[in-house]
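One-letter residues, chain by chain:
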Amino acid sequence: MQSGSKTESGISPAEKRILRELGRRVAEIGNRPEQRKKAEMWRRHNDLKPERPLVLIFPEGAWRELLPESELKTTDPLARGLEWDLRTRIYYDEHLPDDNVIEPVIACWATVRSSGWGVDAMRVAPADPTGAVHFEPVIVEERDLEKIRIPEVEVDKEGTERQYALMCEIFDGILQVEKRARAFNGFAIMDQFATWRGLDQLFIDLVDRPQWVHQAMEILYRGMVACHEAMMASGMVTLNNRNHYTGSGGTGYTSQLPVDGFDGVHVRSRDLWGMATTQIFSEVSPEMHEEFALSYERRYLERFGLNCYGCCEPLHNKLDLVASIPRLRRISISPWADVRKSAAFLGDRYIFSWKPNPAIVAGDAWDPDYVRRYIRETITATKGCVLEIILKDTHTCRNDPRRLWEWVRIARAEAEAAV
């Protein structure tokens, strides 16, 4: 479409009109009483006082089938990002009525510059754009650790302020614009190193050269600490205790953050949720997981007020080790984990963040009766737990969005029947 002449910002008057109209629709949704009710349910849930199992869906890769980029009407990169944000929230309201809280707020993310690690992963992409990526090693010799640099991180405050002013102009009287900045509170250094070393070789290294692997982990640990401290020193870091994506799925509402002493302005590490994962260690022994991953993750997560652990790796045989993480609150129970064994350990002491197998919406056939049984069995097996049901890693729905729509309705019905 013709967007009209561009302003100095790069966003045309026509594009601003599109964003304002979408913003009005999101504001109407976000100001409904049901959103405040859902927020309170999440607050109680994350405080380990649940009302019922909570349900979330993150279409992720399947968004290209639900909301193709061809449906976006703007062309300016910033406008396009904002349009995407707004349209996905409207899509949730119209088709995916899960327990996600839609707030009448839009985020202006701080522009952050990083010098990088000095090495970049070499990805070999498959012919199928949704297929698995192969990583060619870029850390080949032991001395190649010298290539790794501690990143230098800084916030472009002037650029962030310009974008903030522009967004305030666009959404004036419609949506509240919030400046936000993350604090490098997600920690996955072994997964990062695996993309540089190569997955097969890394597993051999754990046996053949363990001290060298520890040397690499210490470098990456110090790099992450440097990135976190630089962001905290910038004064731009914001709280993540509302409708913020938390851990490997979940929402951040809690009455336990920020902690006592917060002055309302200066966010401290202990006011934040933290998260760590080592997905590449799915089949690595508990002893090696402790030695090469948890020993570093525990040190890093020590600084945060509440913590999440895990993503796709099955943790049912490692939960006693994971539980040693300070102020641990949310644990990911992946599709490959033993649900009953995990439930027996977690009880009501932690959030049981269950990730159903996304293959149920990606197969040749869609079987809603199976989905209903699958969810019901897990709800029964986790009775007494603080359960959340989070469908994610959905790389496709086979161009049948109704599968995701129906999954949400089934999951919500089963969760509500569990009360």
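In the block above lies the structure referred to throughout.
On a predicted model such as this, the values are computed, not experimentally measured, just so you know.

Draft legend 1. Expanded view of the environment of E287. When you line up the elements, E287 lands in helix α9 (residues 286-301). Each C-alpha atom of the pair E287 and W109 lies 39 Å from the other, and the pair is 178 residues apart in sequence.

Draft legend 2. Molecular detail of helix α6 (residues 189-197). For α6, the buried fraction is high: 8 of the 9 residues fall into the buried class. Inspection of α6 places I189, M190, D191, F193, A194, T195, W196 and R197 among the buried residues, and these make up the whole buried set. Buried positions along α6 lie against β5 (134-136), β8 (186-187), α7 (199-208), α8 (210-234) and α9. Just downstream of α6 lies G198, where phi reads positive at about 95°.

Draft legend 3. Representation of the packing of helix α12 (residues 368-381) against helix α13 (residues 402-417). Look at α12 against α13: their axes get within 10 Å of each other, and the N-to-C directions meet at 35°. α13 is crossed by α12, and the crossing has right-handed handedness. Residues P368, V371, R372, I375, R376 and I379 of α12 pack against E406, W407, I410, A411, E414 and A415 of α13. Looking at the contact of α12 with α13, its residues break down into 8 nonpolar, no polar and 4 charged.

Draft legend 4. The arrangement of the packing of aromatic side chains in detail. Applying the stated criterion to the full structure yields 12 aromatic pairs. Look at W63 and W84: their rings are 5.7 Å apart centre to centre, the planes differ by 75°, and that puts the pair in the edge-to-face class. Here W63 is found in helix α3 (residues 63-66), whereas its partner W84 is found in helix α4 (residues 77-95), with 21 residues between them in sequence. Judged by relative accessible area, which is 27%, W84 ranks as partly exposed. Consider the rings of Y300 and F304, whose centres lie 5.9 Å apart with planes at 55°: the pair is tilted. Positioned over the ring face of W273 is R330, at 5.4 Å from the centre of the ring.

Draft legend 5. Spatial organisation of the sheet that holds strand β11 (residues 328-333). What the 7 strands build is an open sheet, ordered β1-β13-β12-β11-β10-β9-β8; its pairing is parallel. Two strands close off the open sheet at either side, each with one partner strand: β1 (54-57) and β8. Seen against the sheet, α13 touches β1 and β13 (386-391) and runs at an angle of roughly 170° to β1.

The rules behind these values
Residues numbered from 1 in each chain as written. Predicted model: local features only at pLDDT ≥ 70, side-chain atom pairs only at ≥ 80, totals over all residues. Heavy atoms only, no water. Helix = DSSP H or I, 4+ residues; strand = E, 2+ residues; numbered from the N terminus. Buried < 20%, exposed > 50% of the residue type's maximum accessible area, 1.4 Å probe, protein only. Contact = heavy atoms within 4.5 Å. Axes fitted to C-alpha atoms, helices over the stretch in contact; angles between N-to-C directions. Left-handed = near helix turned anticlockwise from the far one by under 90°. Nonpolar A, V, L, I, M, F, W, Y, C, P; charged D, E, K, R; others polar. Phe/Tyr/Trp six-rings, centres within 6.5 Å; stacked < 30°, edge-to-face > 60°. Lys NZ or Arg CZ within 6 Å of the ring centre and 35° of its normal. Pairing = 2+ DSSP bridges.

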